[in-house]
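An overview of the molecular structure
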Amino acid sequence: MIHGQAVCINDNGLLCIKQNDYDNSALALKDHFGESACGGNSSRVSCESDAFTCHAYSNGTVYCSGSSPDENCMVDSFGYVECI
């Protein structure tokens, strides 16, 4: 689901990461997935579960992609959705 300039996913509670809000998005990802499921550096945070992976970059970009073997979808904060 796209909400404004954010990516929101209902994953046992709503997870939203916002474009151009790196610090809060990185914190939201780590809170949702848990520190052990996340990695990155000073300019990127990536977190993953069995269902999906989300990324937040210090340049303002955020996106999530699904990991379903039947359908893989990528949703970004600009409103782009692609499923293959």
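Residues numbered from 1 in each chain as written. Predicted model: local features only at pLDDT ≥ 70, side-chain atom pairs only at ≥ 80, totals over all residues. Heavy atoms only, no water.

Some details on the nonpolar core
- Formed by 16 residues in total, the largest nonpolar core has its most connected members in Leu15, Ile17, Leu29, Phe33 and Cys54.
- Of all the secondary-structure elements, those providing two or more residues to this core are strand 2 (14-18), helix 1 (22-33), strand 4 (44-48), strand 5 (52-57) and strand 6 (62-66).
- By residue number, the principal contributor to this core is helix 1, which donates 4 residues. (Core = buried A, V, L, I, M, F, W, Y, C linked by side-chain atoms within 4.5 Å. Buried < 20%, exposed > 50% of the residue type's maximum accessible area, 1.4 Å probe, protein only. Helix = DSSP H or I, 4+ residues; strand = E, 2+ residues; numbered from the N terminus.)

Notes on the environment of Ser42
- Position of Ser42 relative to the elements: it lies in the loop between strand 3 (38-41) and strand 4.
- Each C-alpha atom of the pair Ser42 and Ser58 lies 7.8 Å from the other, and the pair is 16 residues apart in sequence.
- Not counting chain neighbours up to four residues away, the residues in contact with Ser42 comprise Tyr22 and Ser58. (Contact = heavy atoms within 4.5 Å.)

Here we look at the state of the cysteines
- According to the stated counting rule, one finds 3 disulfides in the structure shown.
- The residue that forms a disulfide with Cys38 is Cys47, at a sulfur-sulfur distance of 2.0 Å. The disulfide joining Cys38 to Cys47 has a torsion of about 110° about its S-S bond and is therefore right-handed. Residue Cys38 shares its accessibility class with Cys47, and that shared class is buried.
- Bridging Cys54 to Cys64, the disulfide has an S-S length of 2.1 Å. Its S-S torsion of approximately 110° makes the covalent link between Cys54 and Cys64 right-handed. In this pair, Cys54 sits in strand 5 while Cys64 sits in strand 6, placing the two residues 10 residues apart along the sequence. (Disulfide = S-S within 2.5 Å.)

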